[in-house]
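One-letter residues, chain by chain:
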Amino acid sequence: MAIFTPLPPVSNRGLSSGQVESLEHYVARLAGICGVRLGPLWRAINSYSGSDFRISPGKGNWEGGGGDGFQRRLAALESMTGVATLRHSTFSVLLETVSLPVNREVARWCPKCLQGEDAHWQLVWKLPLYSACILHDVDIESRCSLCGSEQRAAKPLHRQMKCSSCGSALAHQGVSRRRSAVHRWANQVQFELVEWIATPGVAENIPSDNFQIFISTLVQRDFYSNRFPPLIKKFLHNYVVRSVMPKPSLGTLLNLAALQAVHPLDILLRPSEAAELPLFDLSSAFKWMPFGNPHDRSACSSAALCLTSMLRHECSFLPPINQVLRQLAVRPCTLSERFPDVALAYGKARRSKVPCHMRRPISRAFSAGLRKVGQVEIDPSWCHSPPGDLARDVSDLVDVAFDVAQAGVQAAAIVLTHCGPSESELHGPIDEALAERWLLGA
Amino acid sequence: MEPLLHRNFKRDRSLVLKLAGAAEPGSFIFPVGTSGVGKTVMEPWIIRKLAGDPERWRTGTLPAIVARASRAEKGFFSSKDFQTRLNLALQSPDFDWLDNSNDVDRRALCQLREDQVESGKVWSHLKLHASERELRVAFERQSVAREVKWVFVRDGASICGTQKGKDPSDYILSCMEIAEQTRTVWVIFGVARMAKLWQTHGEVRRRSTVIPLMRYFDVEDDDIAFAQVVRTVARQYKFSSPDLVQNNVGLVYATTAGSYGQVKAFFARAWSRALLSGSDVVNQNHLSSAVYGEEDLKTLWADTREFDRLLVPGDTRRVVESSPTGWK
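As the structure is a prediction and not an experimental result, all values here were calculated from the model.

Here's the deal with the overall build of chain B
- Within chain B one finds 15 helices and five strands.
- Based on the C-alpha atoms only, the size of chain B along its principal axes is roughly 65 × 60 × 40 Å.
- Looking at chain B as a whole, 47% of its 328 residues qualify as buried.
- Just so you have it, chain B exposes about 16,700 Å², and 52% of that area is on carbon and sulfur atoms.
- For chain B, the separation between the mean place of its 47 positive charges and that of its 41 negative charges on side chains is 1 Å.

Some words on the pairing of strand 4 (residues 185-188) of chain B
All names here are of chain B.
- Both faces of strand 4 are covered, namely the face carrying Val185 and Val187 and the face carrying Trp186 and Ile188.
- Bridge count for strand 1 (residues 28-33) against strand 4 is two bridges, and the pairing is parallel. In the strand pairing of strand 4, Ile29 is matched with Val187.
- Across four bridges, the pairing between strand 3 (residues 150-154) and strand 4 is parallel. For Val153, the partnering residue across the bridge sits in strand 4 and is Ile188.
- After leaving strand 3, the chain enters helix 6 (residues 168-182) and then returns to the sheet as strand 4, a path that is right-handed.

Brief notes about the pattern of salt bridges
All names here are of chain A.
- Applying the stated criterion to the full structure yields 20 salt bridges over all chains.
- Between Arg143 and Glu150 there is a salt bridge, with the nearest N and O atoms lying 3.5 Å from each other.
- Judged by its relative accessible area of 16%, Arg143 falls in the buried class.
- Residue Glu150 is classed as partly exposed on the basis of its relative accessible area of 22%.
- Here Arg270 ties to Asp266 by a salt bridge, and the two come within 2.6 Å at their closest N and O atoms.
- A network of salt bridges, in which partner residues are shared, links Arg143, Glu150 and Arg326.

Brief notes about the nonpolar core
- Counting 65 residues, the largest nonpolar core has B:Phe28, B:Phe30, B:Phe82, B:Phe152, B:Trp186 and B:Met194 as its most contacted members.
- Among the elements that line this core, the one with the most residues is helix 6 of chain B, at seven residues.
- Counting residues in hydrophobic clusters, the runner-up holds 56 residues, among them A:Trp121, A:Leu127, A:Cys163 and A:Ile267.

Quick look at the packing of aromatic side chains
Residue and element names in this part refer to chain B.
- On inspection of all chains with the given rule, the structure shows 21 aromatic pairs over all chains.
- Measuring from centroid to centroid gives 5.8 Å for Phe77 and Phe82, while their planes differ by 55 degrees, and the two rings are tilted. Both residues of the pair, Phe77 and Phe82, belong to the buried class.
- An aromatic cluster is defined as three or more aromatic residues linked by ring pairs; in this entry it consists of Phe28, Phe30, Phe77, Phe82, Tyr171, Trp186 and Trp198.
- The residue whose ring lies beneath Arg13 is Trp45, and the NZ or CZ to ring-centre distance is 3.7 Å.

Here we look at the environment of B:Gly33
- Relative to the elements of secondary structure, B:Gly33 occurs in strand 1.
- Beyond its immediate chain neighbours, meaning those up to four positions away, B:Gly33 contacts B:Lys39, B:Gly190, B:Val191, B:Ala192, B:Leu213 and B:Phe307.

Observations concerning the side chain of B:Ser70
Residue and element names in this part refer to chain B.
- Secondary-structure assignment places Ser70 in the loop between strand 2 (64-68) and helix 3 (79-91).
- Taking the relative accessible area as the measure of exposure, Ser70 reaches 14% and is therefore buried.
- Only 3.1 Å separates the side chain of Ser70 from the side chain of Arg85, close enough to count as a polar contact.

Here we look at the interface of chain B and chain A
- Contact with chain B, which involves 30 residues of that partner, is made by 23 residues of chain A.
- Of the roughly 2,300 Å² buried where chain B meets chain A, counting both sides, 66% is carbon and sulfur surface.
- Taken together, chain B and chain A are joined by zero salt bridges.
- Of all the secondary-structure elements, those providing two or more residues to the side of chain B that touches chain A are helix 3, helix 4 (106-125) and helix 5 (132-145) of chain B.
- Looking at the side of chain B that touches chain A, the element that brings in the most residues is helix 4 of chain B, giving nine residues.
- When grouped by side-chain class, the residues that make up the side of chain B that touches chain A number 14 nonpolar, nine polar and seven charged.

What about the packing of helix 1 (residues 7-22) of chain B against helix 2 (residues 39-51) of chain B?
Residue and element names in this part refer to chain B.
- Where helix 1 contacts helix 2, the axes come no closer than 10 Å and their chain directions differ by 40 degrees. As summarised for this structure, helix 1 and helix 2 are arranged oblique, according to the angle between their axes. Read as a crossing pair, helix 1 and helix 2 show a hand that is right-handed. Residues Phe9, Asp12, Arg13, Val16, Leu17, Ala20 and Gly21 of helix 1 form the contact with helix 2, whose own contacting residues are Val41, Met42, Trp45, Ile46, Lys49 and Leu50.
- Looking at the contact of helix 1 with helix 2 residue by residue, the class counts come to nine nonpolar, one polar and three charged.

Scoring rules and cut-offs
- Residues numbered from 1 in each chain as written.
- Chains lettered and ligands numbered in written order.
- Predicted model: local features only at pLDDT ≥ 70, side-chain atom pairs only at ≥ 80, totals over all residues.
- Heavy atoms only, no water.
- Helix = DSSP H or I, 4+ residues; strand = E, 2+ residues; numbered from the N terminus.
- Buried < 20%, exposed > 50% of the residue type's maximum accessible area, 1.4 Å probe, protein only.
- Areas by Shrake-Rupley, 256 points an atom, 1.4 Å probe, with all protein chains shown as cover.
- Lys, Arg positive; Asp, Glu negative; His and termini not counted.
- Charge placed at Lys NZ, Arg CZ, Asp CG, Glu CD.
- Pairing = 2+ DSSP bridges.
- Right-handed = clockwise from strand over helix to strand, strands pointing away.
- Salt bridge = Lys/Arg side-chain N within 4 Å of Asp/Glu carboxyl O.
- Core = buried A, V, L, I, M, F, W, Y, C linked by side-chain atoms within 4.5 Å.
- Phe/Tyr/Trp six-rings, centres within 6.5 Å; stacked < 30°, edge-to-face > 60°.
- Lys NZ or Arg CZ within 6 Å of the ring centre and 35° of its normal.
- Contact = heavy atoms within 4.5 Å.
- Polar contact = N/O pair within 3.5 Å; in protein donor to acceptor, adjacent residues only side chain to side chain.
- Buried area = accessible area lost by both parts, 1.4 Å probe.
- Nonpolar A, V, L, I, M, F, W, Y, C, P; charged D, E, K, R; others polar.
- Axes fitted to C-alpha atoms, helices over the stretch in contact; angles between N-to-C directions.
- Parallel < 35°, antiparallel > 145°, perpendicular 65-115°, else oblique.
- Left-handed = near helix turned anticlockwise from the far one by under 90°.

Have a look at this one:
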């Protein structure tokens, strides 16, 4: 065993708590301590791990997934620093069992947590379904509160606390709002899941067949009772009919846990006991599953419809496809696989309509449009002719020309009409028809 | 070869070890001695004793580092070069202070050598930031992360070799800030010329402990010990008569200024003279021809007197009387 390590043995922060530092932030901090730039450090770790492919800053996968490369990089980093607890800053213990659609390119944060001294970027913020900080009860953000621009992940340490576009601080009081009990529960269990991951000696790799044990027990008991919500039924259908058991996404896991009234960890660690518990009474307030899945085919179909609609309405300027898909919680690769013609047509139309120098203003107008349109009731006619007052607001807010702002608002209106129900909709009485539309695609 | 553990060397070595071990973080220790007094020899032993068994270090930590102050820029000291050396001492330390020691496990030493090579490979991919300020920040952060407690600086007198218009005391002030920031004890070895480092600033003086590494004086008790040292060193060589060494102790003292390293060098020179003349024993002529030239002797004794002046306590009465509000 090594006595001296190439990199200093810097411990990861927040171990044994739900606020554990993400590995991505750890690497940025390590680069700061060593006085080197992030890119060369990444390459050094990659080279040490024996990988022959190059990764560029911002595309690096530090929290999980990505197959063998991730495990090799993690082992390399642990060996280079001599810190054996770094795996607790990643989702590596869940990788065998759960598919985590972690967004690697966009940063997410709790603005109030960032106000603290020695604040670090937390692993739990990486979970796409973690919508509010359970400690401060404020929204998790991914855009600058002043200019609305989306923040890239994996920034160097000295730039992490500032907006990459306008330079304003990302830390602020945050936005607090009333949340449904289901969402509060989901945030709580995700925080606890990360707390479990971050505890050395407790978190161990979960056997990959644990989830299968849970599902087979559940199916044997209740599959034909017709009490499952459609999304879950569709997931179970694959198992019953085709005997295929894909790794569940975090959304599916949360939905199943909610359905069984158990903690997601119970499903993963004690599958038989978790499946034995009686089903949640579906006649109560909990009627349908609110946690979507980016791999979900219905969401993908909805995204394809949205893009087609934007082409059909002949938006004068088209926003970047990735920005649209992010809003619709669909992965670009999933769309390209399922609807390659739509992705190609959109890309071609955008290239012909949007000159290079207009790309940034359009992206900003679209971001601001999403926020402005999201705050009011959407009128379907806005998909054809966006309201002038909203466009003027957007134009003033992000300092773009009026016609660009108008196009941004129009695109935002189209995208938001294709989105699932918003949080505010969830507070009211549950509309079964709306739920069905969202879950199965319009 | 194991150094000769003569009386003064053993006493001073233990003193430096004791003071370095008990020093407050952020303080300086200046072991000062004339050339040949044993600074280079005692340093690895002290580091080994302070750092302890490498197998007991927490992985990746480094209790002590060693850097050399050198006149790297056109013959002058460069603080940027010094910062680079400090960083290198953290990133790829050569662990030369563990060589030739019986108290370190061979396996641990081999492992450290391997780790050093591995670290060198990793750092070959990483280019350090160029500016002096960034180097300094990197050193401060890394030394805290590596839990460094002692920074050993070799050849501290080089820091005084500054370019025109630059004051060496400014460099030591900068080192003091680093020592405070990193909570480390700095042990700076050097000759008496480096006295400027602590004499110019009261702030530095207050945090400094100067340890004179004593040469042998031609006074009672000391001269007996010196004669003993001379006889022990001379045992390695053959002489034309048994009394030759005893009769020449005065000569040896005059040409070595009572310093063990100089005594060793003197007898080595005499022996080489004997070999050149085709003899296999050292005689009086060889001893006489091994004496330094006049200019060399002047320099030797000037350096020695400079060191001796450090040992003389200040005249408090004179200083107090010249002060307008002095306490009489």
